[in-house]
Amino acid sequence: MSSLEEVRVEIKRIDRNIVDLIKKRTELAEKVLESKRKAGLPINDEAQNKVVLDRAVDNAIEFNLDTNPVRSIFKILIEMSIEHQQELSGQGKFP
Ligand SMILES: C=C(O[C@@H]1C=C(C(=O)O)C=C[C@H]1O)C(=O)O
């Protein structure tokens, strides 16, 4: 195998792990939703969104990565979590 192919195999493995982690993160939203239901809290929590985004930026700095794309990725992850919670609670976008 050429070194290009080897690196692509490693990228493929990491990409699968990323999707696995996204799935796990999204599933945790189900537990969060249950707690929110009991406490009568809204699905979208702006204060917590800020905590998550600030933490993502801090982690990006620690790992010497460009903060803007990392922040954008986490905004998408938060949107996915909110949409998943809305679907579970019958407030999904689609009937
Ligand atoms: C998962 C939660 O629900 C929403 C999604 C969040 C996230 O994906 O990190 C953060 C806050 C909420 O808007 C939560 O409240 O913790």
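The preceding data block contains the structure.
All values reported here derive from a predicted model rather than from experimental measurement.

Mind showing me how you'd approach the pattern of salt bridges here?
Opposite charge on two side chains lets them pair, provided their charged atoms get close. Per the counting criterion, the structure on display carries 5 salt bridges. Residue Lys23 is joined to Glu27 by a salt bridge in which the shortest nitrogen-to-oxygen separation is 3.3 Å. Here Lys23 and its partner Glu27 are both found in helix H1 (residues 3-39), 4 residues apart, which amounts to about one turn of the helix. Here Lys50 makes a salt bridge to Asp54, at a shortest N to O gap of 2.6 Å. Taken together, the positions of Lys50 and Asp54, both in helix H2 (residues 46-62) and 4 residues apart, correspond to about one turn of that helix.

About the criteria used
- Residues numbered from 1 in each chain as written.
- Predicted model: local features only at pLDDT ≥ 70, side-chain atom pairs only at ≥ 80, totals over all residues.
- Heavy atoms only, no water.
- Salt bridge = Lys/Arg side-chain N within 4 Å of Asp/Glu carboxyl O.
- Helix = DSSP H or I, 4+ residues; strand = E, 2+ residues; numbered from the N terminus.

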